[in-house]
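Tertiary structure, described
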Amino acid sequence: MALGGVMLRTTLRLCTLSRRVRSASAASSASMSTLLISQGRYSWLQELGLREENEGVYNGSWGGRGEVVTTYCPANNQPIARVRQASIEDYEETLKKAKEAWKVWAEVPAPKRGEIVRQIGDALRKKINVLGNLVSLEMGKISAESVGEVQEYVDVCDYAVGLSRMIGGPVLPSERPGHALIEQWNPLGLVGIITAFNFPVAVYGWNNAIAMVCGNVCLWKGAPTTSLVSVAVTKIVAQVLEDNKLPGAICSLVCGGADIGKAMAKDERVDLLSFTGSTNVGKQVAMAVQERFGRSLLELGGNNAIIVFDDADLQLVIPSALFAAVGTAGQRCTTARRLFLHESIHDEVVEKLVKAYAQVRIGDPWDANTLYGPLHTEQAVKLYVDAVAQAKQQGGSVVYGGKVIDRPGNYVEPTIVTGLPHNAPIVQTETFVPILYVIKFKTEEEAFAWNNEVKQGLSSSIFTKDLGRIFRWLGPKGSDCGIVNVNIPTSGAEIGGAFAPSITARICLWLKESSSNSILANVLPWLNFALKNQVPVDLKCWTWHSLKSCGVEDI
């Protein structure tokens with residue numbers, strides 16, 4: 001892949017209109033004391049440079065002339081703070097400044113660009129806990145996952161620093177005497193980055209760190225519902241650029257809605273557009289970029305499946321399926337949404353899984369004891385309710401969950417549905433909520449075929465001890481997903497490894513940047529694994545016993 005920008009990575013789902021984002025004009029008469037940021041309990045937000053009203057445009061200086069929106073905490077639906085979005089005029093001004101900044105940045109030697117990225121990683125390390133707290137507050141994921149997400153940005157900074165000294169190209173023999181062919185990679189220029197609500201830090205980090213060492217400048221539009229995270233991250237990055245006397249527009253920010261996203265997709269000055277989000281919006285982005293013969297990186301749907309054969313180790317299956325389906329309240333691109341069980345073990349696995357679900361601790365995402373937090377938006381709750389209703393109408397039986405939890409915030413019960421056919425419309429639909437459809441199968445051939453039949457592919461897992469079956473699963477007639485797991489959950493990936501589904505209707509052209517640090521930080525409350533020596537540990541060695549120590553008892 002071209003290091004000049006094609007070696008970028010994007011992930012997870014965009015839902016720019018899904019969260020309650022209210023115009024300040026509609027609430028301008030509200031007392032400032034109603035904002036969480038003005039309350040003593042949340043004074044730590046000021047450590048990130050946040051105020052009651054924040055400017056959402058950065059291009060070397062802060063500003064914004066667009067609509068003022070209020071972001072809300074999904075755990076209680078209370079307003080946190082306000083952000084003034086970018087107008088189209090702000091976008092134009094910022095893009096021009098970013099283009100000018102590229103002229104400076106492209107001349108900086110790659111190893112020195114790597115040094116700047118190293119400093120960004122160090123600056124994030126210093127703010128990792130407070131920034132993680134903000135992710136929990138504004139996005140809703142549990143604390144350990146939020147801190148782990150910031151760690152992923154740190155990790156990819158480390159990875160990018162190494163790459164900055166490895167950018168090269170071969171010298172090839174020429175058929176002409178006295179000549180040589182030299183392959184050289186140059187920066188693309190300006191990389192537009194549109195990110196999703198569910199990983200409001202990490203997705204930008206994956207793109208930004210690699211783009212920067214390759215000599216590109218970045219123009220970021222985060223999800224409106226996590227605008228405070230976008231502002232806080234940009235403040236950290238901007239300080240590093242300022243300290244090094246570099247143009248701040250190298251890492252520009254334009255908070256905004258669909259109008260800004262459409263402008264980026266259609267703009268020929270955006271040399272590459274990295275988009276993370278739903279398949280429907282991704283199609284629109286792809287068409288707009290293709291119409292101008294532009295470059296795009298898209299990561300869209302993931303209707304991921306786990307297949308469990310009759311020879312599988314169930315003590316490995318139960319906690320793995322639990323984490324894959326319930327982690328981040330079902331709002332990961334790699335969340336397990338379909339569980340195919342061999343008919344001979346179906347009832348036993350369902351019984352054990354129901355027992356495990358019943359022990360999941362639900363609560364405030366910033367509480368260290370919480371394993372499962374709220375959905376991000378009220379609209380997501382409606383999607384959950386509608387999906388449960390459709391599952392029942394199509395013949396499914398809810399064996400666990402299925403209801404909205406009666407408490408403040410966007411809480412729903414993690415849900416297990418059985419009895420549906422593999423091709424039921426609701427099973428074929430990716431719904432970004434914690435609903436797991438459990439389906440019986442008889443043969444290997446039909447299980448593999450059912451894994452591949454959905455339009456949304458990304459990650460897949462198989463649980464078996466049959467070595468021949470494992471290699472068939474990994475082969476050309478096995479899983480057609482980009483991540484093909486064996487005896488581990490669908491969630492997670494390793495640093496530096498390609499993470500892309502098949503060519504067929506699954507568009508996800510990026511490199512997954514993650515490491516043992518960030519992965520384990522995400523699953524710590526589930527697996528209670530102590531990070532030692534920063535080395536990965538085989539999942540089978542610790543999943544079962546550690547999950548029990550987290551409160552999931554005899555399953």
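Please refer to the structure placed before this passage.
Here's a quick rundown of the structure. None of these values were measured; they are calculated from a predicted model. (Residues numbered from 1 in each chain as written. Predicted model: local features only at pLDDT ≥ 70, side-chain atom pairs only at ≥ 80, totals over all residues. Heavy atoms only, no water.)

1. A look at empty space enclosed by the protein
- Throughout the structure, instances matching the rule amount to two cavities of 30 Å³ or more.
- The space that makes up the largest cavity amounts to roughly 40 Å³.
- For the lining of the largest cavity, the secondary-structure elements that each account for two or more residues are β15 (336–342), α12 (425–428) and β18 (435–441).
- What the second largest cavity holds in volume is close to 30 Å³. (1 Å grid on protein atoms, 1.4 Å probe; cavity = no way out; pocket = protein on both sides within 12 Å on 5 of 7 lines; lining within 4 Å. Points joined across faces, edges and corners; volume = space filled by probe spheres on them. Helix = DSSP H or I, 4+ residues; strand = E, 2+ residues; numbered from the N terminus.)

2. Details of the pattern of salt bridges
- Under the defined criterion, the tally for this structure stands at 21 salt bridges.
- Close ionic contact of Glu53 with Arg84 constitutes a salt bridge, the shortest N to O distance being 3.6 Å. Here the residue Glu53 occupies a position in strand β2 (residues 53–55), and Arg84 occupies one in strand β6 (residues 78–84), the gap between them amounting to 31 residues.
- Among the residues examined, Glu53 registers a relative accessible area of 33% and is labelled partly exposed.
- Across the pair Arg337 and Glu430 runs a salt bridge, and its minimum N-O distance is 4.0 Å. Within this pair, whereas Arg337 is found in strand β15, its partner Glu430 is found in the loop between α12 and β18, the two being separated by 93 residues in sequence. (Salt bridge = Lys/Arg side-chain N within 4 Å of Asp/Glu carboxyl O. Buried < 20%, exposed > 50% of the residue type's maximum accessible area, 1.4 Å probe, protein only.)

3. Focus: the pairing of strand β12 (residues 272–276)
- Burial of β12 is extensive: five of the five residues sit out of reach of the surface.
- For strand β9 (residues 190–194) and β12, the ladder comprises four bridges, and the chain directions are parallel. Bridge pairing links Val191 to Leu272 in β12.
- Direction of pairing for β12 relative to strand β13 (residues 295–299): parallel, over a ladder of five bridges. (Pairing = 2+ DSSP bridges.)

4. A few points about helix α9 (residues 314–326)
- Across its 13 residues, α9 extends 18 Å between first and last C-alpha, which sits within 8% of the 18 Å expected from 1.5 Å per residue.
- In terms of residue burial, α9 counts as a mostly covered element, since 12 of its 13 residues are buried.
- When α9 is considered as a whole, its buried residues turn out to be Leu314, Leu316, Val317, Ile318, Pro319, Ser320, Ala321, Leu322, Phe323, Ala324, Ala325 and Val326.
- At the N-terminal end of α9, a side-chain oxygen is found 3.0 Å from the backbone nitrogen of Gln315, two or three residues along, and the residue is Asp313.
- Looking one or two residues beyond α9, the residue adopting positive phi is Thr328, at roughly 55°. (Expected span 1.5 Å × (residues − 1). Polar contact = N/O pair within 3.5 Å; in protein donor to acceptor, adjacent residues only side chain to side chain.)

5. Section: the pairing of β18
- The buried fraction of β18 amounts to six of the seven residues, a majority that puts the element mostly inside the structure.
- One ladder, built from five bridges, connects β15 with β18; its direction is parallel. The partner of Arg338 across the bridge, within β18, is Tyr437.

6. Describing the sheet that holds strand β16 (residues 397–400)
- Spatially, β16-β17-β18-β15-β14-β19-β20 is the arrangement adopted by the seven strands of the open sheet, whose pairing is mixed. A single partner strand is all that each edge strand has here, and the edge strands are β16 and β20 (483–486). Taken pair by pair, the neighbouring strands of this sheet meet at an average axis angle of 25°, ignoring direction.
- Alignment of strand β14 (residues 304–308) against strand β19 (residues 459–463), held across four bridges, turns out to be parallel. Bridged to Ile306 within β19 is Ser461.
- Across the face of the sheet, helix α13 (residues 444–452) comes into contact with β14, β15, β18 and β19 while running at roughly 150° to β18. (Axes fitted to C-alpha atoms, helices over the stretch in contact; angles between N-to-C directions. Contact = heavy atoms within 4.5 Å.)

7. Here's the deal with the packing of aromatic side chains
- For the structure shown, the criterion picks out 10 aromatic pairs.
- Aromatic pair Phe309 and Phe448: ring centres 6.4 Å apart, planes at 90°, arrangement edge-to-face. With Phe309 in the loop between β14 and α9 and Phe448 in helix α13, the pair connects residues that are 139 residues apart, well separated along the chain.
- Joined through ring pairs, the aromatic side chains of Phe309, Phe441, Phe448 and Trp473 make up one cluster.
- Above the plane of the ring of Phe199 lies Lys141, whose end atom (NZ or CZ) is 3.6 Å from the centre.
- We note Arg407 situated over the ring of Tyr411; from NZ or CZ to the ring centre the distance is 4.1 Å. (Phe/Tyr/Trp six-rings, centres within 6.5 Å; stacked < 30°, edge-to-face > 60°. Lys NZ or Arg CZ within 6 Å of the ring centre and 35° of its normal.)

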